[in-house]
Amino acid sequence: MTSPNLSLSSNDDEIALDITSPTSRLQKEQLKSKFRLAAIDDIEKKSRYEIKEKADEIKRLLCMRVGRYTVNASGVTKSHLASWWSTFGFAKEEVSGETYFVSNFVSCQKCFTTYRYGSSSTESISRHQCNSSISSSPKSATIDNQFTLDKHFIKEKKIFRHFEKQNATKLFCNWVSDSFRPISMIEDQGFYEICSYFYDLGTKNYNRNMDVQSLFQSRQTVSRCIVDQAQYYRQQLSDIIREPLDNHCVTLSPDMWSDKFRQLSYLGVTATFIDINMKFKKFTLCCRSFPVELRKTGENISKVLKEEFDKYKIDRFDSVYWVSDRGSNFIRCFNLNMVEPILCFAHRMHNVLTITFMNKKIDDYFNDEDIEDIPDNIDQEEYLGDESMSLAVKRILLTIKYTKNLVKYVKMSNLNELIVKLGGEGTTTLKQSVVTRWLSLFTCVESVYLNYDATLLALEHRRATKYLNELSKNNLIDLLLLLTPLHVALQSIQIDMAPSLHLVVPFYQKLLNDYGSYSKLVASAKKKKPSLFQNSFVSDHLLTESSGVQFFRERIYEKLLELFVFDDRHYIAMCLHPAMREMDGIPYHTKTGCYNNIRQYLQDEEVGIINTPTTTDTLSTNKRRKLLHKFLEEDEDEDAHEAEQTQTQILDSNIDIVDDDNLLVHKSSIRRSHSNSSLSTEFSYRTNYRTLKPDELDLYLETDIPSTIVKENPIDFWSSEFASRFPRLKNFARKILSIPATSSGTERLFSYSGIILNSRRQRLSPDQVDNMLVIRSARQILSNIKQVD
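Residues numbered from 1 in each chain as written. Predicted model: local features only at pLDDT ≥ 70, side-chain atom pairs only at ≥ 80, totals over all residues. Heavy atoms only, no water.

Under the annotation held in an unreviewed UniProt entry, the protein carries the name HAT C-terminal dimerisation domain-containing protein and is attributed to Adineta steineri.

Brief notes about the overall build of the protein
Spelled out, the test is: Counting from the N terminus, the helices are the DSSP runs of H or I reaching at least four residues and the strands are the DSSP runs of E reaching at least two. The classification of residues rests on relative accessible area computed with a 1.4 Å probe and restricted to protein chains. Under 20% of the type maximum is buried, over 50% is exposed, and intermediate values are partly exposed. Only heavy atoms matter for contacts: two residues are in contact if any of them lie within 4.5 Å across the pair. Only the protein chains shown count as cover for residues, and all accessible areas are computed by the Shrake-Rupley method using a 1.4 Å probe.
Assigned secondary structure in the protein consists of 36 helices and 15 strands. Burial status across the protein gives 48% buried among its 789 residues. Sequence-distant contacts in the protein: of pairs separated by 6 or more residues, those separated by 24 or more amount to 64%. When the accessible area of the protein is evaluated, it comes to approximately 41,400 Å², of which 50% is carbon and sulfur surface.

Quick look at the packing of helix α20 (residues 473-493) against helix α21 (residues 504-514)
Stated precisely, the cut-off is as follows: Orientation is described by axes fitted as lines to C-alpha atoms, over the contacting stretch for helices, and by angles from 0 to 180 degrees between their N-to-C directions. Geometric relationships in this document are graded by angle, where less than 35 degrees denotes roughly parallel, more than 145 denotes roughly antiparallel, 65 to 115 denotes roughly perpendicular, and other angles denote oblique. Residue polarity follows a fixed list, in which Ala, Val, Leu, Ile, Met, Phe, Trp, Tyr, Cys and Pro are nonpolar, Asp, Glu, Lys and Arg are charged, and the others, Gly among them, are polar.
Between α20 and α21, the least distance of the axes is 10 Å, while the angle of their chain directions is 170 degrees. With respect to α21, the element α20 is oriented roughly antiparallel. Each of P485, L486, A489, S492 and I493 in α20 lies in contact with α21, whose residues at this interface are V504, F507, L511 and D514. Of the residues assigned to the contact of α20 with α21, the class counts are 7 nonpolar, 1 polar and 1 charged.

Quick look at the pairing of strand β3 (residues 88-95)
Side-chain direction in a regular strand flips from residue to residue, so the side chains alternate between the two faces of the sheet. This is how the line gets drawn: Criterion used throughout: strands pair if DSSP finds at least two bridges between them.
Most of β3 is tucked away: 7 of the 8 residues are buried. Examined bridge by bridge, strand β2 (residues 69-73) and β3 share 5 bridges and lie antiparallel to one another. When the bridges of β3 are listed, V71 appears paired with A91. Of the pairings in the sheet, the one linking β3 to strand β5 (residues 105-108) comprises 2 bridges and is antiparallel in character. Paired with F88 across the two strands is C108, which belongs to β5. The pairing of β3 with strand β4 (residues 98-101) spans 4 bridges and is antiparallel. Within β4, the residue paired with K92 across the bridge is F101. Hairpin geometry of β3 and β4 is characterised by an intervening segment of 2 residues between the two adjacent antiparallel strands and by a positive phi of about 55 degrees at S96.

A look at the packing of helix α12 (residues 345-356) against helix α25 (residues 547-563)
Quick note on the threshold: The sense of a crossing depends on the near helix, which, turned anticlockwise from the far helix by less than a right angle, makes the crossing left-handed and, turned clockwise, makes it right-handed.
The contact between α12 and α25 brings their axes to 9 Å, and the two run at 135 degrees. Considered as vectors, α12 and α25 are oriented oblique to each other. Both α12 and α25 take part in a crossing whose hand is right-handed. Contacts between α12 and α25 involve R348, M349, N351, V352, L353, I355 and T356 on the former and, on the latter, F552, R555, I556, K559, L560 and L563. When its residues are assigned to classes, the contact of α12 with α25 shows 8 nonpolar, 2 polar and 3 charged.

Observations regarding empty space enclosed by the protein
One water molecule sets the probe size; rolling that probe over the atoms shows where empty space is left. Quick reminder of the rule: We place a 1 Å grid over just the protein atoms. Points where a 1.4 Å probe fits but has no way out form a cavity, open points with protein on both sides within 12 Å along at least 5 of 7 lines form a pocket, and any residue with an atom within 4 Å of a point lines it. Grid points are joined across faces, edges and corners, and a volume is the space filled by probe spheres set on the points. Per the annotation, domain bounds derive from an automatic or database assignment of domains.
Across all of its chains, the model carries 5 cavities of 30 Å³ or more by this definition. Lining the largest cavity are 17 residues, with K282, I495, D496, P740 and T742 positioned closest to its centre. Those elements that place two or more of their residues in the lining of the largest cavity are β8 (264-274), β9 (280-289) and α35 (744-758). Of the residues assigned to the lining of the largest cavity, the class counts are 6 nonpolar, 9 polar and 2 charged. Each of two domains, domain 2 (221-344 + 742-786) and domain 3 (345-367 + 390-521 + 543-565), supplies a minimum of three residues to the lining of the largest cavity.

Digging into the sheet that holds β9
Taken together, 5 strands build an open sheet; the order of strands is β9-β8-β7-β10-β11 and the sheet is mixed. Across the chains shown, the open sheet's two edge strands, defined by having one partner strand only, are β9 and β11 (342-343). Inspection of the sheet shows strand β7 (residues 250-259) paired to strand β10 (residues 321-324) by 2 bridges, in the parallel sense. In the sheet register, T251 faces β10, and the bridge partner there is Y321. Sitting on the sheet, helix α11 (residues 328-336) touches β7, β8 and β10, and the angle it makes with β7 is about 145 degrees.

Thoughts on the environment of R725
In this structure, R725 sits in the loop between α33 (714-718) and α34 (727-736). When the C-alpha atoms of R725 and Y700 are compared, they prove to be 8.5 Å apart, with 25 residues separating the residues in sequence.

Digging into helix α8 (residues 219-240)
For the record, the criterion: A helix is expected to span 1.5 Å for every residue after the first.
The first and last C-alpha atoms of α8 sit 31 Å apart over 22 residues, in line with the 32 Å expected at 1.5 Å per residue. Of the residues making up α8, those classed as buried are A230, Y233, R234, Q236, L237, S238, D239 and I240.

Digging into the state of the cysteines
Rule in force here: By convention in this document, the label disulfide applies to cysteine sulfur atom pairs within 2.5 Å.
Enumeration according to the criterion identifies 0 disulfides in this entry. Between C111, a cysteine without a disulfide, and C108, which holds the nearest cysteine sulfur, the sulfur-to-sulfur distance is 3.7 Å. For C111, a relative accessible area of 22% corresponds to the partly exposed category.

Description of the pattern of salt bridges
As a reminder of what qualifies: Any carboxyl oxygen of Asp or Glu within 4 Å of a side-chain nitrogen of Lys or Arg constitutes a salt bridge here.
Summed over all chains, the structure comprises 28 salt bridges. Between R234 and D770 there is a salt bridge, with its nearest N and O atoms 3.3 Å apart. A residue pair is termed long-range when its members are at least 10 positions apart, and R234 in helix α8 and D770 in helix α36 (residues 766-788) qualify at 536 residues. Take R234: its relative accessible area is 6%, and that puts it in the buried class. For E308, the salt bridge identified is with R288, shortest N-O distance 3.1 Å. Of this pair, E308 sits in helix α10 (residues 298-312) while R288 sits in strand β9, placing them 20 residues apart in sequence. R288 shares its class with E308; the two are buried.

Re unusual backbone geometry
Although it is not a glycine, H248 adopts a positive phi angle of roughly 60 degrees. Despite not being glycine, M583 has its phi angle at roughly 55 degrees, a positive value. Along the chain, the position of M583 falls in the loop between α26 (568-575) and α27 (588-603). The class for M583 is buried, based on a relative accessible area of 1%.

Here we look at the packing of aromatic side chains
In plain terms, the rule: A pair of aromatic rings is counted whenever rings of Phe, Tyr or Trp (Trp by its six-membered ring) have centres within 6.5 Å, and the orientation is called stacked for planes under 30 degrees apart, edge-to-face for over 60 and tilted otherwise.
Within the structure shown, the criterion is met by 33 aromatic pairs. Consider the rings of Y232 and Y233, whose centres lie 5.1 Å apart with planes at 65 degrees: the pair is edge-to-face. Judged by its relative accessible area of 31%, Y232 falls in the partly exposed class. Relative to F334, the ring of F330 lies with its centre 6.4 Å away and its plane at 20 degrees, an arrangement referred to as stacked. Taken together, the residues F330 and F334, both in helix α11 and 4 residues apart, mark about one turn of the helix.

Brief notes about the environment of R316
Note the threshold: In the analysis that follows, any N or O atom pair within 3.5 Å is treated as a polar contact, provided that within protein one partner can donate a hydrogen and the other can accept it, and provided that, for residues neighboring in sequence, both atoms belong to side chains.
Note on placement: R316 falls in the loop between α10 and β10. A polar atom in the side chain of R316 sits 2.7 Å from the side chain of D318.

Concerning α26
Most of α26 sits out of view: 8 of its 8 residues are buried. All of the buried residues along α26 are D568, R569, H570, Y571, I572, A573, M574 and C575. The opening residue of α26 is D567, an N-cap whose side-chain oxygen sits 2.8 Å from the backbone nitrogen of R569.

A word on the nonpolar core
Quick note on the threshold: Only buried residues count toward a nonpolar core, which is a set of Ala, Val, Leu, Ile, Met, Phe, Trp, Tyr and Cys residues joined through side-chain atoms within 4.5 Å.
Formed by 108 residues in total, the largest nonpolar core has its most connected members in L560, Y700 and W718. Per element, the largest residue contribution to this core is 11 residues, and it comes from α20. Both of domain 2 (221-344 + 742-786) and domain 3 (345-367 + 390-521 + 543-565) provide at least three residues apiece to this core. Not counting the four nearest positions on each side in its chain, Y700 is found in contact with C575, L576, H577, P578, R581, I705, F717, W718, F726 and L729. Counting 55 residues, the second largest nonpolar core, distinct from the first, contains L31, I241, C286 and I775.

Structural data, given as structure tokens:
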């Protein structure tokens, strides 16, 4: 067997390795351990079927287009005289500056179809036809030319006849009715793909009498295919995240829940990462049942997670970042594996409202580390029975209770359709609040308020107006006023396909500002929800603050200060957004600690160490993680004292919420520091000190950045050519921005799985749901990669 002649296309700085060269068995094994193509290229004593599988594996790797696997074009040379060499070449793999070339297989440069090379015949290779290639034979040239012409002219698509569409509609109707299938299945993309496939088969076999029944497979066959496809896509996902894993740019978000119907517990994990092209991506790592014989302890969770890690070649817990709630079992798991997770912002908000609207007695023994979810009606009756509580406070609590009772009755009585019919244009159905999620209460109350009149008419038809008698629009407005800032903050931060960690601290500051006084709360609500709060009726009602609104507004403010603890990475993410690098409103000590942490990373050779102090001025880890308000209470130097005095003013003037999409922007960033002009279109920052030698952080903080490349998504900046001025800082930003602010996206994804699991008719096993979710998320990522290519 001879090695391919690669001298024409190999670069001088490449180290070309060939497994067929005279090397010892040990050297060959070393190549196989380092290069995946080296193991595939070894066809000694392999059957014809195994060689075919190896060829298909090479094609699969090339189709991924990840940069590691490419086809090295050979071309027609003295060594390769056949004309098909203009299309074919040898696959190559690059790892850490070294290159391995396949010698036993050749691949098409355009469609990546791979054949065995070196056998007695090359007929299959010479007869290969690719949609992108043009054959040299006259007959095939005519066909290919016709194909090329067809591509350049838009053919008019004829619609089906009216009676044909009517018959199809009847068949759809019979299908969903006979089998009790959801009507939405008709609009599934997968259903379109199946119909298109059948149509294409019909056009190709129009003159043949085909048995259509033979195309339909049994449930067992499809189930086996799901298993095989899931394994295939897990391998592809493993290859895709290999480079982000090596560069510590992957974050995992775990979640556990129980299936009451099957009496099983489930563990799901989603992964977010930023690839080498600075694209934010997300997929399902696993969604599996938790072993019945195991208790849900931190030790057992750690064991189960490690089993899932092996499928994706994740070696250690500390090779990824973590975002989680503060369930005691998860905290124990992280402590055992010496990792420090980012605490979910949405769970913190949920706990703030849980304590705010519950009996004070619960506050005495409430342990945030041990309680993940608290039902929103625990001891509420005792709370209402407290004689020391004012009538206005009880009225807000009763509004919550009566609103939930109303929506529950409407749902059970199937009145939503009647409400929409009676309300006319603009009327919507009433939205139900989730029992253990206070943050869904805003949507529930808003739906009742906006459809109040239509709901009253519908209840009159059923003679059930008692469900609305205790609910007045004024009480609903008071409750909406209290919930609006939290709702808007969560809407902006709970984004699945973009970085969000940098938004946590600014929105927390904005919440403290909004709940700090009644006038600011009203002004904020009018700006964020003008359709609710800017009509004359509501404006008159909001002129004075009721004692009930005052009580809960102050209580929310108190719990915001009490329950929130920030990680160093929250401040670092804020600094790494070019529009927030000034870190307005952040105390001097916290800002200095953030800069020192970034500088420590830039100086360390170990990528994972970002929190080690470099000087005696750097805050200790525990001190840096104090509550933000605790920093404000400390006696600091003159600059810190000045920052404290002007914090409220900064929050009012520098932080704003865009009305149309509720995303954060900083007004003061659109200027040049120490400039008299307020119309500058540049972003700038001047440090208060100068190190002996300016580093990348100094350059980043002091450089004038064109406003045209500063977007709401920080990845837009770090993926620009301008960011190449800060290569090490860009690499650091890629790591930090891969961390989402919440794990709520994980819960939303797996709540969908729970619906499937709880369905008696579906009869899906936990393993099937796991495989289906993996296939679904992998296809989405691969589809995005193909669109980019």
